[in-house]
Amino acid sequence: MSRLLNWATRTLLWLAVGLVVLCAVCVGLARELVYDIGEFQPQVLAAVQRHTGLQLQAASLSGSWQGLAPTLVFYDASLRLSGSRGEPVRAQRVELELLLLRSLLQLAPRVRLQVEGARARLHYRDQNLVVSGFEAAAGNPSGTSAKSRSPAAAGGNALDQLLAQPRLALTDSELEI
């Protein structure tokens, strides 16, 4: 019985060490690749649209990493729901910092978002304030199923995720109503 317990303890210890080494290699690789993220800009923008239902366009993209927080910066960005005909929300600079530890602890993505020089148009529809470029999401209740793959539902889900973040900052921005 004692031999079995020793074997199980050693096996679990080696698995834990292997997992730590694997995580370290993945983080190290990500730290090196985040600085070259600009080279993958078309793929990053396509992945954002595919996973969120939001059409993101940017003139350029850069990345950095400090501590345990990778940061992506989009320059001259525009954002709207895929399939929306409204004018997109535009920003001169959008900084997105992924909070890795908070994301792991809460099992959901947690980011710090800072938007500089945003310009957006808002209008009233059915006694609700609607952002231009996100009109389709205004017609759906916020509790739409995450399994629904329509652009409006996916965009609404992405907006709900955005509003659940710990820090959102808008600086030097203009909203036209």
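See the structure shown above.
Residues numbered from 1 in each chain as written. Predicted model: local features only at pLDDT ≥ 70, side-chain atom pairs only at ≥ 80, totals over all residues. Heavy atoms only, no water.

Summing up its helical and strand segments, the protein chain has 5 helices and 8 strands in all. Going from the N terminus to the C terminus, the protein chain shows its helices and strands as α-α-β-β-β-α-β-β-β-α-α-β-β. Across the 177 residues that make up the protein chain, the buried fraction comes to 30%. Within the protein chain, counting contacts between residues at least 6 apart in sequence, those at least 24 apart form 54% of the total. Taken as a whole, the protein chain presents about 12000 Å² of accessible surface, with 60% of it coming from carbon and sulfur. (Helix = DSSP H or I, 4+ residues; strand = E, 2+ residues; numbered from the N terminus. Buried < 20%, exposed > 50% of the residue type's maximum accessible area, 1.4 Å probe, protein only. Contact = heavy atoms within 4.5 Å. Areas by Shrake-Rupley, 256 points an atom, 1.4 Å probe, with all protein chains shown as cover.)

Now for the state of the cysteines. Summed over the entire model, instances satisfying the criterion amount to 0 disulfides. Lacking any disulfide linkage, Cys-23 is separated from the closest cysteine sulfur, that of Cys-26, by 6.5 Å. Exposure remark for Cys-23: the relative accessible area of 44% places this residue in the partly exposed category. For Cys-26, a relative accessible area of 47% puts it in the partly exposed group. (Disulfide = S-S within 2.5 Å.)

This paragraph deals with the pattern of salt bridges. Taken as a whole and judged by the stated rule, the model has 5 salt bridges. The residue Arg-121 makes a salt bridge to Glu-87 at a minimum N-O spacing of 3.6 Å. Of this pair, Arg-121 sits in strand β5 (residues 119-125) while Glu-87 sits in the loop between β2 (69-81) and β3 (89-98), and the two are 34 residues apart along the sequence. Put simply, Arg-121 and Glu-176 hold a salt bridge, and the shortest N to O gap is 3.8 Å. Taken together, the residues span a long stretch of sequence, with Arg-121 in strand β5 and Glu-176 in strand β8 (residues 174-176) at a distance of 55 residues. Under the relative-accessibility criterion, Arg-121 is labelled partly exposed at 42%. Among the residues examined, Glu-176 registers a relative accessible area of 40% and is labelled partly exposed. When salt bridges that share partners are traced, they join Glu-87, Arg-121 and Glu-176 into one network. (Salt bridge = Lys/Arg side-chain N within 4 Å of Asp/Glu carboxyl O.)

For Ser-103, the position within the fold is in helix α3 (residues 100-106). Within the local environment of Ser-103, its side chain forms a polar contact with the backbone oxygen of Leu-99, the two atoms lying 2.7 Å apart. Excluding residues within four positions of it along the chain, Ser-103 makes contact with Leu-98, Ala-108, Pro-109 and Arg-110. (Polar contact = N/O pair within 3.5 Å; in protein donor to acceptor, adjacent residues only side chain to side chain.)

Next up on the list: unusual backbone geometry. One non-glycine residue, Asp-76, lies in the positive phi region at around 50°. Turning to its location among the elements, Asp-76 is positioned in strand β2. Located in the positive-phi region is Asp-172, a residue other than glycine, with phi close to 50°.

Quick look at the nonpolar core now. Membership of the largest hydrophobic core comes to 13 residues, with the highest contact counts inside it found for Leu-56, Leu-61, Phe-74, Ala-77, Ala-91, Val-94 and Val-115. Sort the elements by how many residues they give to this core and strand β1 (residues 54-66) lands first, with 3 residues. Among the nonpolar cores identified, the runner-up in size contains 5 residues, and Leu-54, Leu-81, Val-89 and Ala-120 belong to it. (Core = buried A, V, L, I, M, F, W, Y, C linked by side-chain atoms within 4.5 Å.)

Our focus in this paragraph is helix α2 (residues 41-52). Between its first and last C-alpha atoms α2 spans 16 Å; for 12 residues at 1.5 Å apiece the expected length is 16 Å, and the two agree. Of all the residues in α2, the buried ones are Gln-41, Val-44 and Leu-45. Taken down its axis, α2 places every buried residue within 95° of arc, on the same side. Across α2 from its buried face, at more than 90 degrees, point the exposed residues Pro-42, Arg-50 and His-51. As for α2, its buried residues are in contact with β1 and β2. Within two residues after α2, Gly-53 carries a phi angle of roughly 80°, on the positive side. (Expected span 1.5 Å × (residues − 1). Arc of directions from axis to C-beta.)

Geometric values such as these leave the question of function open.
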